[in-house]
Amino acid sequence: EVVREAGGGRVHVDVDSPGGVTAGGFSALRRMRALADRAGVKVVTTASEVAASMGFALLLLGDERHVPARGTTASIGVLSVRRQADDADKIEIFRSGERKARPNAVEALNAEDRDDLQSRVDDGALEFAEWTSERTGLSVDDILALRGAAMTGTQALEKGLITGNLTAHEVIDMATAEEIRASLAE
């Protein structure tokens, strides 16, 4: 997505990409950057959530580059995956750095992968608990103490996570009734 703001001095590029094939990409990015420089246009890039690998290369177009705190970015390097013709279950991975595309769904997890995944999960849980706290008034500690448990609507109401147990139809019916009452009151 590219948005040119009124006034003409700034372009915003929003990236949402885990990456992909690099063929021709770097020369195209250099041409785009040169055009922006010649035109005197400031480029601001953002990652909606993901700007990794070749998506990160696109993010680098920006004079300013932004990625959300829980977004995914970088993964600077190259990866090639090869499946053996004579043994479809045998896959070989060639990578430019030992952490490129790790962890993944093809290779067994190692200790570093496990630690990395658990850290990401814990960070995400804290962010989720903070958001829940903002919206419910409950403490982050009380929310984390729920330990990620699923619960019924009744239980969620008892815990203060929700404000009621109405169905969607009941909510729509209530809104319609309120609308009718308001028009009659006029």
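1. Notes on the overall build of the chain
No. 1: Each helix and strand in the chain was counted, giving six helices and seven strands.
No. 2: Ordering the α and β elements of the chain from the N terminus gives β-β-α-β-α-β-β-β-β-α-α-α-α.
No. 3: Over its C-alpha trace the chain gives a radius of gyration of 24 Å, far above what one expects of a compact globule, namely 16 Å for 186 residues.
No. 4: Its C-alpha atoms give the chain principal-axis dimensions of about 65 × 50 × 35 Å.
No. 5: Buried residues in the chain amount to 19% of all 186 residues.

2. Brief notes about helix 3 (residues 111-136)
No. 1: For helix 3, spanning 26 residues, the distance from its first C-alpha to its last is 37 Å, which sits close to the expected 38 Å at 1.5 Å a residue.
No. 2: Among all positions of helix 3, only D113, G124, A129, T132 and S133 are buried.
No. 3: Tucked into the core, helix 3 has its buried residues touching helix 4 (140-144).
No. 4: The backbone nitrogen of E112 lies 3.0 Å from a side-chain oxygen of the residue at the head of helix 3, namely N110.
No. 5: In the segment just after helix 3, G137 is the residue with positive phi, at about 85 degrees.

3. A few points about the environment of A69
No. 1: As for its position among the elements, A69 is in the loop between strand 4 (64-66) and strand 5 (72-74).
No. 2: Exposure remark for A69: the relative accessible area of 81% places this residue in the exposed category.
No. 3: As for A69 and E127, which are separated by 58 residues in sequence, their C-alpha atoms are 9.7 Å apart.

4. Describing the confidence of the model for the chain
Close inspection of predicted coordinates is inappropriate for parts of the model with low pLDDT.
No. 1: With 96% of its residues at a pLDDT of 70 or more, the chain has an overall mean of 88.
No. 2: Mean pLDDT across the elements of the chain ranges from a minimum in strand 1 (residues 2-4), with 53, to a maximum in helix 4, with 96.

5. Concerning a nonpolar patch on the surface
No. 1: Where nonpolar side chains cluster on the molecular surface, the patch consists of L166, V171 and M174 and spans about 260 Å² of accessible area.
No. 2: Tracing the backbone shows L166 in the loop between helix 5 (153-159) and helix 6 (168-185).
No. 3: Assessed through its relative accessible area of 47%, L166 is described here as partly exposed.

6. Quick word on the pattern of salt bridges
No. 1: In total, this model carries 12 salt bridges according to the counting rule given.
No. 2: A salt bridge links K42 to E64, with the shortest nitrogen-to-oxygen separation between them at 2.5 Å. Here K42, found in strand 3 (residues 42-52), pairs with E64, found in strand 4; they are 22 residues apart in sequence, far enough to count as distant.
No. 3: Judged by its relative accessible area of 33%, K42 falls in the partly exposed class.
No. 4: Owing to a relative accessible area of 28%, E64 belongs among the partly exposed residues under this scheme.
No. 5: Its salt-bridge partner being E112, residue R99 comes within 3.8 Å of it at the nearest N-O pair. Residue R99 is found in the loop between strand 7 (91-95) and helix 3, and its partner E112 is found in helix 3; the two are separated by 13 residues along the sequence.

7. Things to note about the side chain of T46
No. 1: Mapping T46 onto the fold places it in strand 3.
No. 2: A polar atom in the side chain of T46 sits 2.7 Å from the side chain of H12.

8. Section: the environment of A51
No. 1: By the secondary structure assignment, A51 is in strand 3.
No. 2: Along the primary structure A51 and L161 are separated by 110 residues, whereas in three dimensions their C-alpha atoms are 33 Å apart.
No. 3: Excluding anything up to four places from it in sequence, A51 contacts V15, S17, F56, L59, T72, T73 and A74.

Quick notes on the rules
- Residues numbered from 1 in each chain as written.
- Predicted model: local features only at pLDDT ≥ 70, side-chain atom pairs only at ≥ 80, totals over all residues.
- Heavy atoms only, no water.
- Helix = DSSP H or I, 4+ residues; strand = E, 2+ residues; numbered from the N terminus.
- Rg over C-alpha atoms; globule rule 2.2 N^0.38 Å.
- Buried < 20%, exposed > 50% of the residue type's maximum accessible area, 1.4 Å probe, protein only.
- Expected span 1.5 Å × (residues − 1).
- Contact = heavy atoms within 4.5 Å.
- Polar contact = N/O pair within 3.5 Å; in protein donor to acceptor, adjacent residues only side chain to side chain.
- pLDDT = per-residue confidence, 0-100.
- Patch = residues over 30% accessible without salt bridge, like charges linked within 9 Å, V, L, I, M, F, W, Y side chains within 5 Å.
- Areas by Shrake-Rupley, 256 points an atom, 1.4 Å probe, with all protein chains shown as cover.
- Salt bridge = Lys/Arg side-chain N within 4 Å of Asp/Glu carboxyl O.

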